[in-house]
Amino acid sequence: MMKRFALTILTLFATLAVVVGQSTIESLNAEIKRAEKEIAKNEKLLKEVSKSKKSNQTEIKLLQSKINNRDKIVSNLNKQIGLITKNIKQKEGEISSMSAEVERLKAEYAKTLEIAYKNHKTGSPLLFLFSSTDLDTATRRLNFMQRYNNALKAKASQIEQLSQNISAEVEELANQQASLDQTKGEHQKALATLTKERKQLKDAGKKLAANEKKISKQLKAEREQKRKAQQALQRIIDEETRKAKRKMTDAERRAITELNGRFDQNKGKMLIPVNGGVIIEHFGSHQHPTQKHITVVNKGVNIAAAAGSDVFAVFEGEVARVMFIAGLNNCVMLRHGDYFTIYSNLASVSVKAGEKVQTNQKVGTISAGDNPDEHQLHFELWFHTVNQDPEKWFAQ
């Protein structure tokens, strides 16, 4: 009885482990699909960028972004291999335990059959029944014999069911092994592609290396210009926030609170404001991808896109300002209650101050010029005077 209970518990835990493993593999597959989607966008933009005769930093950044996503695929495939291998070992252990239980049941069943045969041969079941001293004793003995026969049938049924379970587990084990072989193949293929892409990045870096001094000087000048531009933008944000703190009616306050709530609910669901865009420069402080001695401080994200791409509002709101800031070029600032979104480096603007805008409404376009480094949107998101990481708001 205790052995059967232990086997049942073992089977239950093994099943739960497989379910958890499958759930994890599904989540890893979802991450792989997201990375593959980003790589597809990268490759599309790289084809366009490669048409330019100029050596450009956008190509380097796109290649680096592509490699980062490929790294994710390789890492997730490696994790899958570990999980599937673990599942296979669990299946093998489960099959071994179930097989041992079948052998034990078969031995018990054979022994029971042997006893039943001997009793039938000597006629002892009838002697046992008719030797009863009274009707009550005979009834009890008859019930005992019926239970004995039922137990015999149950034992046979148990063996059959367990044997079927083993067959199913063996089939599942074969499926797991096939899945492991396939995943290992995908892993090797991804590694080979990653090696090729790293060589492409190295070759692209060599093109820029010839003009490293010129590029470094240019980057330092741009960094100083952007620092001043960011200070100017901060002053504008502060001013717009002070405006919002003016005395409001109850209706205005309720409207802002309601808009804030709906904007908050959009976290993790927001679409990138330019179709087919790829984030090539992330939020916060990080090393420049080509100039290792330069640290980039980004108050938002830079999104590369096809030349002349339209830029869209990420959420409904009102145009707070349309302005030109040296270092950020044409900018559109949208107010969404206590939130602000800023769309910079626009070649043209499609809205005007005070205008109401809807989600996905066009607010401008990025450059359509020959320089791929200009084909990008600088996007920022603020709550009052505190800037946010936009990537935490974008849909994955």
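A quick note: this is a predicted structure, and the numbers were derived from the prediction, not measured.

K.L.:
So what about the overall build of the chain? Which residues, and what values?
P.N.:
Across its full length, the chain holds 6 helices and 13 strands. Taken across its 396 residues, the chain has 39% of its residues classed as buried. Sequence separation of 24 or more characterises 75% of the internal contacts of the chain that already satisfy a separation of 6 or more. Summed over all atoms, the accessible surface of the chain reaches about 22800 Å², with 55% contributed by carbon and sulfur.

K.L.:
Explain the confidence of the model for the chain to me, using residue names and the numbers behind them.
P.N.:
Averaged over the chain, the pLDDT score is 80; the fraction of residues at 70 or greater is 75%. Mean pLDDT per element in the chain: helix α3 (residues 124–130) is the minimum at 49, and strand β5 (residues 310–312) is the maximum at 97. Note that residues 1–10 has pLDDT below 50 and, in this model, 10 contacts with residues that lie over four places away or in other chains.

K.L.:
Which residues make up the side chain of N387, and what values do they have?
P.N.:
Here N387 lies in strand β13 (residues 386–388). A residue is classified by how much of its surface remains accessible, and N387, at 19% relative accessible area, is buried. In terms of polar contacts, N387 uses its side chain to reach the backbone carbonyl oxygen of K299, at 3.1 Å. Excluding its chain neighbours within four sequence positions, the residues that come into contact with N387 are F283, K299, L381 and W382.

K.L.:
Describe in detail the pairing of strand β8 (residues 339–346), supporting the description with residues and values.
P.N.:
By the criterion of burial, β8 is predominantly enclosed, with 8 of the 8 residues buried. Both strand β7 (residues 329–336) and β8 contribute to a ladder of 6 bridges, which runs antiparallel. Residue pairing for β8: H336 is matched across the bridge by Y339. Linking β7 back to β8 in an antiparallel pair, the connection comprises 2 residues, with G337 at a positive phi of about 70 degrees. Of the pairings in the sheet, the one linking β8 to strand β12 (residues 376–383) comprises 6 bridges and is antiparallel in character. Each residue of the ladder has a partner; that of S344, found in β12, is H378.

K.L.:
Mind laying out the sheet that holds strand β11 (residues 362–365), listing which residues take part and the relevant values?
P.N.:
Ordered by their spatial adjacency, 3 strands build an open sheet running β5-β11-β9, and the pairing between neighbours is antiparallel. Each edge of the open sheet is held by one strand with a lone partner, namely β5 and β9 (348–349).

K.L.:
Would you mind going over the pattern of salt bridges in detail, with residue names and values included?
P.N.:
Under the counting rule described, the total for this entry stands at 13 salt bridges. Salt-bridge contacts for R262 lead to E316; the nearest nitrogen and oxygen are separated by 2.7 Å. In this pair, R262 sits in helix α6 (residues 250–264) while E316 sits in the loop between β5 and β6 (317–325), placing the two residues 54 residues apart along the sequence. Residue R262 is classed as partly exposed on the basis of its relative accessible area of 29%.

K.L.:
Break down the nonpolar core for me, with residues and values.
P.N.:
By size, the foremost hydrophobic cluster in this structure holds 27 residues, and its most contacted members are V332, L334, Y343, V363, L377 and F379. When contributions to this core are tallied by element, the ones reaching two or more residues are α6, β4 (301–304), β7, β8 and β12. When sequence neighbours within four positions are dropped, the list of residues in contact with F379 reads P273, G300, V301, I303, V314, T341, I342, Y343, P390 and F394. A35, L62, I73 and V74 belong to the second-largest nonpolar core, a separate cluster that totals 20 residues.

K.L.:
How would you sum up unusual backbone geometry? Please name residues and give values.
P.N.:
We note that N345 has phi near 70 degrees; this positive angle belongs to a residue other than glycine. Under the relative-accessibility criterion, N345 is labelled buried at 19%.

K.L.:
Which residues make up the environment of G277, and what values go with them?
P.N.:
Positionally, G277 belongs in the loop between α6 and β1 (278–281). Judged by its relative accessible area of 1%, G277 is buried. Spatially, the C-alpha atom of G277 lies 8.4 Å from that of Q376, the residues being 99 residues apart in sequence.

K.L.:
Requested: an account of the pairing of β7, with residues and values cited.
P.N.:
With 6 of 8 residues buried, β7 lies mostly within the body of the structure. As paired elements, β6 and β7 share 7 bridges and run antiparallel to each other. When the sheet's bridge partners are listed, R321 is paired in β7 with M333. Hairpin connection, β6 to β7: the antiparallel pair is bridged by 3 residues, and G327 has positive phi, about 100 degrees.

K.L.:
So, the packing of aromatic side chains: which residues are in play, and what are the values?
P.N.:
Enumeration according to the criterion identifies 7 aromatic pairs in this entry. A centroid spacing of 5.1 Å and a plane angle of 80 degrees characterise the contact between F263 and F315, whose relative ring orientation is edge-to-face. Within this pair, whereas F263 is found in helix α6, its partner F315 is found in the loop between β5 and β6, the two being separated by 52 residues in sequence. One exposure class covers both F263 and F315, and it is buried. Centroid distance Y339 to W393: 5.5 Å. Interplanar angle 70 degrees. Geometry classified as edge-to-face. Here Y339, found in strand β8, pairs with W393, found in the segment after β13; they are 54 residues apart in sequence, far enough to count as distant. Taken as a pair, Y339 and W393 share a single burial class, namely buried. Cluster of aromatic residues (ring-pair linked, three or more members): F263, F315, Y339, F383 and W393.

About the criteria used
- Residues numbered from 1 in each chain as written.
- Predicted model: local features only at pLDDT ≥ 70, side-chain atom pairs only at ≥ 80, totals over all residues.
- Heavy atoms only, no water.
- Helix = DSSP H or I, 4+ residues; strand = E, 2+ residues; numbered from the N terminus.
- Buried < 20%, exposed > 50% of the residue type's maximum accessible area, 1.4 Å probe, protein only.
- Contact = heavy atoms within 4.5 Å.
- Areas by Shrake-Rupley, 256 points an atom, 1.4 Å probe, with all protein chains shown as cover.
- pLDDT = per-residue confidence, 0-100.
- Polar contact = N/O pair within 3.5 Å; in protein donor to acceptor, adjacent residues only side chain to side chain.
- Pairing = 2+ DSSP bridges.
- Salt bridge = Lys/Arg side-chain N within 4 Å of Asp/Glu carboxyl O.
- Core = buried A, V, L, I, M, F, W, Y, C linked by side-chain atoms within 4.5 Å.
- Phe/Tyr/Trp six-rings, centres within 6.5 Å; stacked < 30°, edge-to-face > 60°.

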